[in-house]
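# Structural features, examined
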Amino acid sequence: MRIAILSDFHFGVSSRLELEEDSFEQAEEAMEKALDSDLILLIGDIFDSRFPKTSIWAKAIKILVKPLLKESNVKFLESSKELRKISKRTLKHLPVIAIHGTHERRAKDEINVIQALENAGILIHLHCQTIVFEKDGKRVAIHGMSGVPERFAKDVLYSWNPKPMPNCFNILLLHQSIEPYVYSPLEPPTLNLSNLPKGFDLIVDGHIHGHSIEKIDDSILVIPGSTIVTQLEKNEAETEKGFVKVELNEKPKIDFIPLERNRKFFYEEIKLEKKLSLREQIEKKLKEIIYVKNLPKPPLIKLKIVGKETEVSDQELRYIERKYSGKALIGFVKELESPEITQKIEFLRNLREQKLSTEEIGLGLLKKNLEELKFNSIFDYDNTFKLLSDGEIEKVFNILLVEQSTLTQVLKKPLIEK
Ligand SMILES: [Mn+2]
């Protein structure tokens, strides 16, 4: 039995004209290379947004339906899911099993994009659920927990308490930071390598965008990484983009399959030397990348210029950008003198690039305000916040109105104080 593990397509991540097709083209290459498998696993963040635009849906669906044209040799055995939720159509073709990620997460009881795809018979969505398949007498049990806020991850996992099934190859799917694999410093993980459940043959984690395969105790931790560069940080230039294939023989064979047609990303540092002009130094570096390496698409190149700010003219940088347009997409970073400013910029960049962390901050504010209003009963802040951020004001109002005793306070004081 062969299993393909793909993650973090981030459909629609870039709306910049030259880059807007990348997330689709790269996921498509991965998906096409995965079609010779018996099962496909999607580990979350398929979409970059909880509410993808119609144009994003249209392109995404073309890729996600590819397995529907493939026949399947695996047999569905059982699941802890309600059987009526598993479409018969899904079981007629090469099965796709998916969890949703941080970018797709919505309020409790609100349908998310992965569940919408499940309704269409394109995949089977798991959240704290298990599904078992069989081929040639070999059984595989897939246990999936979709992405939850980091601070709840350990509690949700422990209260679900998944157990490996006997006589099966057991795979646990997660979409979380797992210390030391941390996605955002703003959301510290509650899971780490030693508190993961025991006895699973594979633990697969989405969310982390650089791939890795690591042995931990009796399990193997597989991080397939994203199929696209999302943050243009230095570490993203260090690993290839791709996905993972697992061949179940006596001993499982696990291979990382790199993409070949994807846009490459380079992060280079240029220290100003006195001998050469800045332009000469930059162009030398650019030529090394553009003309020496055999690249399928104009690469993304981020150049960090280290030196005194006054030595670098913005005009000159714009000139170089224009000169190489069509051959490369170039971005410049100037190292600033003050470490304090660097720190602030780093913080803002983290906030901007991780919408969900911004939500975490908003959630904290809401919680504090509601506490001040004496909403101290069993109140689901997380859910209320997600409803608010989805624009479901009516529903939130109804939740608040249930607490008759606090109603007068709500009407007297504004919900969010200025
Ligand atoms: Mn992601």
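Everything below is about the structure printed above this text.
The paragraphs below set out a description of the structure included in this document. (Residues numbered from 1 in each chain as written. Predicted model: local features only at pLDDT ≥ 70, side-chain atom pairs only at ≥ 80, totals over all residues. Heavy atoms only, no water.)

Once that is clear, we can look at the overall build of the protein chain. The number of helices and strands found in the protein chain is 12 helices and 18 strands. The buried share among the 418 residues of the protein chain stands at 50%. With an accessible surface of roughly 21,000 Å², the protein chain has 53% of that area assigned to carbon and sulfur atoms. (Helix = DSSP H or I, 4+ residues; strand = E, 2+ residues; numbered from the N terminus. Buried < 20%, exposed > 50% of the residue type's maximum accessible area, 1.4 Å probe, protein only. Areas by Shrake-Rupley, 256 points an atom, 1.4 Å probe, with all protein chains shown as cover.)

Okay, helix H5 (residues 150–160) next. Every buried residue belonging to H5 is among Glu150, Ala153, Leu157 and Trp160, and all of these are buried. Projected down its long axis, H5 carries its buried residues within an arc of 70°, all on one side. Across from the buried face of H5, at angles greater than 90 degrees, the exposed residues are Asp155 and Ser159. On its buried face, H5 is in contact with strand E6 (129–135), strand E7 (138–144), strand E8 (169–174) and strand E10 (191–192). Looking one or two places after H5, you find asparagine 161, whose phi comes out positive at around 55°. (Arc of directions from axis to C-beta. Contact = heavy atoms within 4.5 Å.)

Another point: the pairing of strand E13 (residues 219–223). Judged by how many residues are buried, E13 sits mostly within the fold: 5 of 5 residues are covered. Across the two faces of E13 the burial is the same, with Ser219, Leu221 and Ile223 and Ile220 and Val222 all buried. Relative to E13, strand E11 (residues 202–205) runs parallel, the two being bridged by 3 bridges. Each bridged residue has a counterpart across the sheet, and for isoleucine 203 the counterpart in E13 is leucine 221. (Pairing = 2+ DSSP bridges.)

All right, on to the packing of aromatic side chains then. Scanning all chains against the criterion turns up 5 aromatic pairs. Their ring planes at 55° and their centres at 5.4 Å tell us that phenylalanine 9 and phenylalanine 11 sit as a pair that is tilted. Among the residues examined, phenylalanine 9 registers a relative accessible area of 0% and is labelled buried. Since its relative accessible area comes to 2%, phenylalanine 11 is described here as buried. With 6.1 Å between their ring centres and 65° between their planes, phenylalanine 76 and phenylalanine 133 make a pair best called edge-to-face. Here the residue phenylalanine 76 occupies a position in strand E3 (residues 75–79), and phenylalanine 133 occupies one in strand E6, the gap between them amounting to 57 residues. Connected via pairs of aromatic rings, a cluster forms that spans Phe9, Phe11, Phe24, Phe47 and Trp57. Between lysine 154 and the ring centre of tyrosine 158, over which it is positioned, the NZ or CZ distance is 5.5 Å. (Phe/Tyr/Trp six-rings, centres within 6.5 Å; stacked < 30°, edge-to-face > 60°. Lys NZ or Arg CZ within 6 Å of the ring centre and 35° of its normal.)

On to empty space enclosed by the protein, then. For the structure shown, the criterion picks out 3 cavities of 30 Å³ or more. If you add up the space inside the second largest cavity, you get close to 50 Å³. If you go around the second largest cavity, the residues you meet are Arg105, Pro149, Glu359, Glu360, Leu363, Asp382, Phe385 and Lys386. Among the residues forming the lining of the second largest cavity, the class breakdown is 3 nonpolar, no polar and 5 charged. (1 Å grid on protein atoms, 1.4 Å probe; cavity = no way out; pocket = protein on both sides within 12 Å on 5 of 7 lines; lining within 4 Å. Points joined across faces, edges and corners; volume = space filled by probe spheres on them. Nonpolar A, V, L, I, M, F, W, Y, C, P; charged D, E, K, R; others polar.)

If you trace the 6 strands from one edge of the open sheet to the other, you get E5-E4-E2-E1-E14-E15, paired in mixed fashion. What marks the edges here is a single partner per strand, and that holds for strand E5 (124–125) and strand E15 (253–258). Here 4 bridges tie strand E1 (residues 2–6) to strand E14 (residues 242–247), and the two strands are oriented antiparallel to one another. Looking across to E14, one finds that isoleucine 5 is bridged to valine 244. Against the sheet, helix H1 (residues 22–34) contacts E1, strand E2 (39–42), E14 and E15, and its axis sits at roughly 15° relative to E14. (Axes fitted to C-alpha atoms, helices over the stretch in contact; angles between N-to-C directions.)

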